[in-house]
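Here is what each chain is made of, one letter per residue.
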Amino acid sequence: AASCPMLRSLLLGWCVRISDHSIRNLSALSRLEEVDLSFSKLSTDACSSLASLNLKRLDISATAIDCTGVKLLSQPTISFAGITKKIDCELQILKIRHAENVKKAGLRHLALHAKKLQLLDISYCGKIDLDRSDVNASINYLNEHGAKVLTEKNDEFR
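Definitions and cut-offs
Residues numbered from 1 in each chain as written. Predicted model: local features only at pLDDT ≥ 70, side-chain atom pairs only at ≥ 80, totals over all residues. Heavy atoms only, no water. Helix = DSSP H or I, 4+ residues; strand = E, 2+ residues; numbered from the N terminus. Rg over C-alpha atoms; globule rule 2.2 N^0.38 Å. Buried < 20%, exposed > 50% of the residue type's maximum accessible area, 1.4 Å probe, protein only. Contact = heavy atoms within 4.5 Å. Salt bridge = Lys/Arg side-chain N within 4 Å of Asp/Glu carboxyl O. Axes fitted to C-alpha atoms, helices over the stretch in contact; angles between N-to-C directions. Parallel < 35°, antiparallel > 145°, perpendicular 65-115°, else oblique. Nonpolar A, V, L, I, M, F, W, Y, C, P; charged D, E, K, R; others polar.

A. Spotlight on the overall build of the protein. For the protein, the helix and strand inventory stands at five helices and eight strands. Starting at the N terminus, the α and β elements of the protein follow one another as β-α-β-α-β-α-β-β-β-α-β-α-β. The C-alpha radius of gyration computed for the protein amounts to 15 Å, which stays within 12% of the reference 15 Å derived for 158 residues, consistent with globular compactness. By principal-axis analysis of the C-alpha atoms, the protein measures approximately 45 × 35 × 25 Å. Per-residue burial for the protein yields a buried fraction of 42% across its 158 residues. Put simply, of all contacts in the protein between residues at least 6 apart along the chain, 61% involve residues at least 24 apart.

B. Just the pattern of salt bridges, in detail. Across all of its chains, the model carries eight salt bridges by this definition. For Arg57, the salt bridge is made with Glu34, and the minimal N-O distance between the two is 3.9 Å. A residue pair is termed long-range when its members are at least 10 positions apart, and Arg57 in strand β3 (residues 57–59) and Glu34 in strand β2 (residues 34–36) qualify at 23 residues. Exposure remark for Arg57: the relative accessible area of 25% places this residue in the partly exposed category. On the basis of relative accessible area, Glu34 is assigned to the partly exposed category, the value being 26%. One network of salt bridges, with partners in common, ties together Arg8, Glu33, Glu34 and Arg57.

C. Layout of unusual backbone geometry. Phi is positive for Trp14, which is not a glycine, with a value near 70°. In this structure, Trp14 sits in the loop between β1 (9–11) and α1 (20–23). A relative accessible area of 60% means that Trp14 is categorised as exposed. Positive phi, close to 60°, is recorded for Phe39, a residue that is not glycine. Given the relative accessible area of 27%, Phe39 is considered partly exposed.

D. The packing of helix α3 (residues 67–74) against helix α4 (residues 104–113), seen in detail. Closest axis-to-axis distance for the α3/α4 pair is 8 Å, and the angle between their directions is 5°. As the angle between them shows, α3 and α4 are arranged roughly parallel. Seen from α3, the contacting residues are Cys67, Val70, Lys71 and Ser74; seen from α4, they are Ala105, Gly106, His109, Leu110 and His113. Its residues assigned to classes, the contact of α3 with α4 shows four nonpolar, four polar and one charged.

Dropping the structure here:
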């Protein structure tokens, strides 16, 4: 990673050898804006490292990341000289389709904290019940604040 300091986009979807541990090495890529880790073996343990990158576009579809991971991503922190500070979430596009461990709490947290979100893909997240009024309230809140939400119910933006 240190040999590519200007790298802005890293597409590693379907790379099954990518692990939580390997994500820690991305911190040297300070200009990184976009990462695709879909269909990899990542879990929530990778989210602290991903959050520290404060990406604009992230695809973590079909990973084992759960609501705790989504919360970490939507409220990134930086640490310097032993001090940890929350920073604004820069995520504009987040794809978490087929994320079986993400529930309504993760969606609600994104709605409240990912203020720059423009696109959220929650298609086929089996534990997000699109018929619940609280889930629809989160989706409506995102829509009202400029984010488009993609679900399997409509296969188009809501």
